[in-house]
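Chain residues, written in single-letter form:
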Amino acid sequence: MKAYSLILVFVLLAIGLSWQNKFVPPGGVFPIPVNDYVIMYADSVRKEVENYMGKQLEMYTPESALGQVVNGMMLYVKMRIGQNEAIFLKILNRLNTINLVSMRTNITASEP
């Protein structure tokens, strides 16, 4: 039984180290590419964002994203919503349920 546990630990460690060639500790934040996955999650909370802001957003483009494994997957997405305007979204995917956790508005597009 101990041998199987030890093998399992090494396999999980190897998977963690091989992903993006670095180890991300549990709860750590890591960069993720802006791909279809990020766009899908950002689009799924767009109506909530527009209702909160009280306007229809003509531009709604993800620029960068971070991920964090929590009780599900947390995404931190910087969205460009205008020429010099952006917002930060915190989106939780938990058990295939997508929720907008928080949003930071009134930031400039040049903020990281």
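Everything below is about the structure printed above this text.
Residues numbered from 1 in each chain as written. Predicted model: local features only at pLDDT ≥ 70, side-chain atom pairs only at ≥ 80, totals over all residues. Heavy atoms only, no water.

Q: How would you sum up the overall build of the protein? Please name residues and give values.
A: The secondary structure content of the protein amounts to three helices and five strands. The order of helices and strands in the protein, counted from the N terminus, is α-β-α-α-β-β-β-β. The 112 residues of the protein split such that 29% are buried. The contacts in the protein between residues at least 6 apart in sequence include a share of 39% that link residues at least 24 apart. Only carbon and sulfur atoms are counted for the fraction: they give 59% of the accessible area of the protein, which is about 7600 Å². (Helix = DSSP H or I, 4+ residues; strand = E, 2+ residues; numbered from the N terminus. Buried < 20%, exposed > 50% of the residue type's maximum accessible area, 1.4 Å probe, protein only. Contact = heavy atoms within 4.5 Å. Areas by Shrake-Rupley, 256 points an atom, 1.4 Å probe, with all protein chains shown as cover.)

Q: Can you tell me about the nonpolar core, naming the residues and giving the values?
A: Ranked by size, the top nonpolar core spans 19 residues in total, and within it Val49, Tyr60, Leu89 and Ile91 carry the most contacts. Within the residue set of this core, elements represented by two or more residues are β1 (29–32), α2 (36–44), β3 (72–80) and β4 (85–94). Residue contributions to this core peak at four residues, all from β3. Leaving out residues up to four positions away in the same chain, isoleucine 91 has contacts with Tyr41, Ala42, Val45, Met73, Met74, Leu75, Val77, Ile98, Asn99 and Leu100. (Core = buried A, V, L, I, M, F, W, Y, C linked by side-chain atoms within 4.5 Å.)

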